[in-house]
Amino acid sequence: MARRLSAMAKNYGGETAIKVTTKDADPRGNGLATAMPLERYFRDARMMTVPDGTSEMMKLVTGYTLLEGLGL
């Protein structure tokens, strides 16, 4: 159960961080200039989905643990 919940939390947190930084970068018009703190936030958000497994892997872990709970 802890494995499933941690995979779900990691996936949700990473995807949400990417979504928020992308939405903030779009209206500014200057993109991701290195002088802006937003550029670092965007880089950090992208790295949240990579080191311990990609978002797709976290979705697979969630699915496998749900199926284990059902006895399949």
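Reading the values: the criteria
- Residue positions are given per chain, counting from 1 as you read along its sequence in written order.
- A pLDDT threshold of at least 70 governs which residues receive local features in this predicted model, and a stricter bar of 80 or more applies before side-chain atom pairs are shown or counted, although totals over entire chains, interfaces and linings include all residues.
- Note: side-chain values were computed over all heavy atoms of the structure, leaving out hydrogens and water.
- One speaks of a salt bridge when a side-chain nitrogen belonging to Lys or Arg is within 4 Å of a carboxyl oxygen belonging to Asp or Glu.
- Helix and strand assignments come from DSSP, with helices taken as H or I runs of at least 4 residues and strands as E runs of at least 2, each series counted from the N terminus.
- Buried, partly exposed and exposed residues are distinguished by accessible area as a fraction of the type maximum, computed with a 1.4 Å probe on protein chains only: under 20%, between the cut-offs, and over 50%, respectively.
- For a helix, the expected span equals 1.5 Å multiplied by the residue count minus one.
- Each C-beta atom gives one direction from the helix axis, and the arc is the one those directions make.

## Observations regarding the pattern of salt bridges
When the charged atoms of two side chains lie near each other, side chains of opposite charge can form a pair.
Logical step 1: Following the criterion strictly, the structure yields 1 salt bridge and no others.
Logical step 2: The residue R40 makes a salt bridge to D44 at a minimum N-O spacing of 3.6 Å. Here R40 and its partner D44 are both found in helix α2 (residues 37-48), 4 residues apart, which amounts to about one turn of the helix.
Logical step 3: Residue classification places D44 among the partly exposed positions, given a relative accessible area of 36%.

## What about helix α3 (residues 55-70)?
Think of an α-helix as 3.6 residues a turn; residues three or four steps apart then line up on the same face.
Logical step 1: For α3, spanning 16 residues, the distance from its first C-alpha to its last is 23 Å, which sits close to the expected 22 Å at 1.5 Å a residue.
Logical step 2: Along α3, the residues classified as buried are S55, M58, V61, T62 and T65. Summarising the axial view, the buried residues of α3 lie within an arc of 115 degrees, below the 170-degree limit, and thus occupy one face. Residues of α3 that are exposed and point over 90 degrees away from its buried face: E56, K59, Y64 and L70.
Logical step 3: A positive phi of about 80 degrees marks G71, the residue just after α3.

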